[in-house]
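Observations on the model geometry
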Amino acid sequence: MENILTADKIVKQYGDYTALNEVSLTVPKGSIYGLLGPNGAGKTSLIRIINQITMPDSGEVIFDGQKLHPNHVQHIGYLPEERGLYKSMKVGEQCLYLAQMKGMSKADATKQLEYWFDRLEIKGWWNKKIQELSKGMAQKVQFVVCVLHKPKLLIFDEPFSGFDPVNANLIKDEILELKNQGSTIIFSTHRMESVEELCDDIALIHKSNKLIEGKLDDVKRQYRSNTFEVGILSDNVEGLMYDLTQKFRLSQTHFKSLNDELKLNIELGNAKPNELLSILTQRGQVTHFVEKIPSVNDIFIQTVSSN
Amino acid sequence: MSILSLIIKREFIAKVRNKSFIVMTFLSPLLFVGIAVFVGYLSSMKADVKQIAIHDESGLFANEFKNSDEYHYQNVSAIDVKVLKDSITNHYYEGLLCIPKVADTKALSSKIQFISNESPSLSFVSQLENTIAKKLTKANFEKANLDTLAIKNAEAKVNISLAKSSGEESLKGLNEIKIAIGGAFGYLIMMFIIIYGNMVMRSVIEEKTNRIIEIIISSVKPFQLMMGKIIGTSLAGILQFLIWAIIGLSIMFVASSVFGVHTGPTAGVSPEMMKAAQSEMGGTFALYLKELWSLPITTLVLSFIVYFIGGYFLYSSFYAAIGAAVDNETDSQQFLLPIIMPLILGVYIGFFTVMNDPHGTIATVFSMIPLTSPIVMLMRIPFGVPVWQLLLSMAILFGTFFFVVWFAAKIYRVGILMYGKKPTYKELFKWLKY
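Since the model is a prediction, treat every value here as computed from it, not as a measurement. (Residues numbered from 1 in each chain as written. Chains lettered and ligands numbered in written order. Predicted model: local features only at pLDDT ≥ 70, side-chain atom pairs only at ≥ 80, totals over all residues.)

Brief notes about the overall build of chain A
What chain A contains, in helices and strands, is ten helices and 14 strands. Taking 2.2 N^0.38 as the reference for a compact globule, 307 residues should give roughly 19 Å; the C-alpha atoms of chain A span a radius of gyration of 24 Å, well beyond that estimate. Every one of the 307 residues in chain A was classed for burial, and the buried ones make up 37%. For chain A, contacts bridging at least 24 residues in sequence account for 74% of all contacts bridging at least 6. (Helix = DSSP H or I, 4+ residues; strand = E, 2+ residues; numbered from the N terminus. Rg over C-alpha atoms; globule rule 2.2 N^0.38 Å. Buried ≥ 20, exposed ≤ 12 C-beta atoms within 10 Å, placed from the backbone. Contact = placed C-beta atoms within 7 Å.)

Here it is, written out as structure tokens:
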């Protein structure tokens, strides 16, 4: 698959502090790419470099097959984490101004704005000033500004912060719709459940270095520990436990169920699931048998704390 | 439309639509006229007449003091000093001048006393001293048997008339007029820089606190944004000044046609007026007009434009950089002081040094230093400045201007993305290297 963006060994230093240490990324076209990392890892520095707000000290960024060029800002939409609008300016005027800065004509921008205002049900806001809107309402306007010029690459930094669940869902659907229309989305967030839900690819940056990158499924496969979550109803718990501890490592677990069964996490090591199953079936009634797939959250915490 | 003109347009419209801008534009001239009228009214009011008691035991001076609008003198030599002192505590008299009886007039000079509750003004005391000294001198002359009339006739009075080497006659008091004209231009530049430089700074801070800056900066270069801001704000400022000028001129026009007041020699001098003036007031006034007319007006106006642009851009780049470095206006104070100092210095040097010695070392040096040259040089121009000095000063100004814009743009670029921290000078310096 083609890549919309490749970053090659990006280095950025602020004085003595290294914000990015030879970070390379590959963002496939048409994907939703999760850019993860703890606070201060260097995500924002990287995003700013992609937006040409700052220049890297070394390394280069290739956008859509070309070396990053000032004209490329017209094809990138950016929703920063620290975002706001001119308070005393009217919504319509403000959107037109920001759209024209992205190279749109006034007529084109007006048409697009009408489409988006209609779509997000904010039609009546054109002549309102931003200071009259609530925070969530202003966020919607910012989202429109970000996507108005039909950018090939969209960069969202914590897009859901400030939205109520209804609107967050609305924005999520819009993001998926944009993906369907062919846009690529870089998505930076601390909300792991939305990464889980939306992202095709992820990269994890920690302490200025990239630690993980790849398809979300591949990363998960890489991090799976061959552990199974098991529920079993057994008359002879002691015998069962004896059998299991001979071969595997066990730990307590919790999951919701209607039975009063024994709940265990069982690390298989090099054994096959069927070996475990055969032991279990001899000793009781299996009610629950699921491979524990590491969540993004687990991977994140595990990687960050082990480095 | 290019991005720069888009930014300029937005800044301009944002400024002009601002309510405080509109109010200021139309209220300031009224306020100004109001203050002028108020001051005029105050100065036309007569002060209370103060009663001064004179207790003169020598009998020499009692009739020497002439009543004025402010002070009335009363000869109370017959009354006892103690009683008089009481009347001062009772505020019947403002002050009491005690002149003792002395045989030798020479001893008198140090024995005269003025008693009052509130300390008298210096000019009043020296007026008293003058009157007494005059009388004493006269008495001394008479004692020495000198002919006072002959002495008076022998006193010479000198009035030096001024001329230029080119042979034209020159006028005293013209320096004041020249400094007033140059000063008006210089002052205008200073006011403009302070008012609209601050506006640039506020607008930068606004974008930072609104958090819109990162959205904008992902579409345009910080340098473009900064320049657009400075230009847009200055256009709004020029519009405001033009409106003020128009309102001011119309008020003056109305006032002069209503009250029949002549608006003075500087407003619209035409040959007819000059002629009329000549016949009315004789040669002197015409000479003033001629001198004013012969001032390097073209140079003055052209230099005003050049220094205005150079000075304003230089300073507002500083203002923009400060705005970018801080999070709110209160934090900006420590950085603003070093900027306002040279402006004030320029005005002081203009009014004191340039007036005394327009081509002296201090005046020349400060008309070269770019931070003060827009003000000081404009004040020097009416006195005639060599072309090379003018060009050199402008070259330095614009050289510095480009350097400062580069420097400010760097601080601006880094500063606008820094939130929540008040930087130190050391950190600002570090930003230059980012």
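Focus on the overall build of chain B
Along chain B, the regular secondary structure elements total 17 helices and six strands. For chain B, the proportion of its 434 residues judged to be buried stands at 28%. In chain B, 70% of the contacts between residues at least 6 apart in sequence involve partners at least 24 apart.

Overview of the nonpolar core
Counting residues in hydrophobic clusters, the biggest one holds 127 residues, and the most contacted among them are A:Cys95, A:Ile155, A:Ile202, B:Ala320, B:Ala321 and B:Tyr412. Setting aside chain neighbours within four positions, we find A:Ile202 in contact with A:Gly34, A:Leu36, A:Val195, A:Ile212, A:Leu216, A:Val219 and A:Val296. Grouped together as the second largest cluster of nonpolar side chains are eleven residues, B:Ile52, B:Ala53, B:Phe65 and B:Tyr73 included. (Core = buried A, V, L, I, M, F, W, Y, C linked by C-beta atoms within 7 Å.)

Notes on the domain arrangement of chain A
Domains assigned within chain A are domain 1 (3-221) and domain 2 (225-291). Inter-centroid distance (C-alpha atoms) of domain 1 of chain A to domain 2 of chain A is 45 Å. (Domains from an automatic or database assignment.)

Notes on helix α5 (residues 122-143) of chain B
Over its 22 residues, α5(B) extends 31 Å from the first C-alpha to the last, a length consistent with the 32 Å expected when each residue adds 1.5 Å. Within two residues after α5(B), B:Asn145 carries a phi angle of roughly 65°, on the positive side. (Expected span 1.5 Å × (residues − 1).)

Focus on the packing of helix α13 (residues 333-356) of chain B against helix α15 (residues 373-380) of chain B
Residue and element names in this part refer to chain B. At a minimum axis distance of 8 Å, the contact between α13 and α15 shows a crossing angle of 25°. Here α15 runs roughly parallel to α13, going by the angle between their axes. For the pair α13 and α15, the sense of crossing is right-handed. Residue-level inspection shows Gly 346, Val 347, Ile 349, Gly 350 and Val 354 of α13 in contact with α15, the latter providing Ile 375, Val 376, Met 379 and Arg 380. (Axes fitted to C-alpha atoms, helices over the stretch in contact; angles between N-to-C directions. Parallel < 35°, antiparallel > 145°, perpendicular 65-115°, else oblique. Left-handed = near helix turned anticlockwise from the far one by under 90°.)

A few points about the sheet that holds strand β3 (residues 32-36) of chain A
What links the strands of a sheet is backbone hydrogen bonding, and the strands pair in either a parallel or an antiparallel sense. All names here are of chain A. Spatial ordering of the open sheet is given by β6-β7-β8-β3-β9-β10, a layout of six strands whose pairing is mixed. Both edges of this open sheet fall to β6 (76-79) and β10 (209-215), since each of them pairs with a single strand only. Strand-to-strand twist in this sheet, taken as the mean axis angle between neighbours without regard to direction, amounts to 15°. Relative to β10, strand β9 (residues 201-206) is paired through six bridges, and the arrangement is antiparallel. (Pairing = 2+ DSSP bridges.)

Notes on the sheet that holds strand β13 (residues 262-267) of chain A
Residues and elements named next belong to chain A. Strand order in the open sheet formed by four strands is β12-β13-β11-β14, and the pairing between neighbours is antiparallel. For this open sheet the edge positions go to β12 (249-252) and β14 (285-291), each flanked by a neighbour on one side alone. The mean angle between the axes of side-by-side strands here comes to 25°, regardless of whether they run parallel or antiparallel. Pairing of strand β11 (residues 227-233) with β14 involves six bridges; the strand directions are antiparallel. Along β14, the bridge assignment pairs Val 230 with Phe 289. Most of the contacts of helix α9 (residues 273-283) go to β11, to which it runs at about 15°, and overall it touches β11, β13 and β14.

A word on the confidence of the model for chain B
Residue and element names in this part refer to chain B. When pLDDT is averaged along chain B, the result is 80, and 86% of the positions lie at 70 or above. Mean pLDDT in chain B bottoms out at helix α10 (residues 271-281), which sits at 50, and peaks at helix α1 (residues 3-17), which reaches 90. Counted against residues more than four places away or in other chains, residues 261-269, with its pLDDT under 50, gives twelve contacts. For this predicted complex, the interface confidence comes out at an ipTM of 0.79, alongside a pTM of 0.74. (pLDDT = per-residue confidence, 0-100.)

Observations regarding the interface of chain B and chain A
If you look at the interface, chain B gives 18 residues, while chain A gives 20 residues. Where the side of chain B that touches chain A is concerned, the elements lending two or more residues are α1 and α8 (213-217) of chain B. Considering only residue class, the side of chain B that touches chain A consists of eleven nonpolar, three polar and four charged. (Nonpolar A, V, L, I, M, F, W, Y, C, P; charged D, E, K, R; others polar.)

Overview of helix α7 (residues 174-210) of chain B
Taking 1.5 Å of rise per residue, the 37 residues of α7(B) would be expected to cover 54 Å, and the 53 Å separating its terminal C-alpha atoms lies within 8% of that figure. Where α7(B) terminates, the next one or two residues include B:Arg211, which has phi positive at roughly 65°.

A word on unusual backbone geometry
All names here are of chain A. In this model, Lys 150 sits at a positive phi of 45°, which is unusual for a non-glycine residue. Topologically, Lys 150 is positioned in the loop between α4 (135-147) and β7 (153-157). The exposure class of Lys 150 is partly exposed, given the 17 C-beta atoms found within 10 Å.

A closer look at the environment of B:Ala321
Its place among the elements puts B:Ala321 in helix α12 (residues 297-325). Every residue in contact with B:Ala321, bar those within four places of it in the chain, is listed here: B:Ala408, B:Ile411, B:Tyr412 and B:Gly415.

Things to note about the environment of A:Gln302
Residue and element names in this part refer to chain A. Structurally, Gln 302 can be placed in helix α10 (residues 296-306). Exposure remark for Gln 302: the 13 C-beta atoms within 10 Å place this residue in the partly exposed category. Considering only alpha carbons, one finds Gln 302 and Tyr 223, 79 residues apart in sequence, at a separation of 9.7 Å.

Observations regarding the packing of helix α2 (residues 91-101) of chain A against α1(B)
One can describe the packing of α2(A) onto α1(B) by two numbers: an axis separation of 10 Å at closest approach and a directional angle of 160°. On the basis of their axis angle, the class for α2(A) and α1(B) is roughly antiparallel. For the pair α2(A) and α1(B), the crossing hand works out as left-handed. Contacts from A:Tyr97, A:Gln100 and A:Met101 in α2(A) reach B:Ile3, B:Leu6 and B:Arg10 in α1(B). Looking at the contact of α2(A) with α1(B) residue by residue, the classes come out as four nonpolar, one polar and one charged.

Examining the environment of B:Tyr307
Residues and elements named next belong to chain B. Relative to the helices and strands, Tyr 307 is located in helix α12. Expressed as a C-alpha distance, the spacing of Tyr 307 and Ile 189, which sit 118 residues apart in the sequence, is 8.2 Å. Discounting chain neighbours no more than four positions away, the residues touching Tyr 307 are Ile 189, Pro 374, Met 377 and Leu 378.

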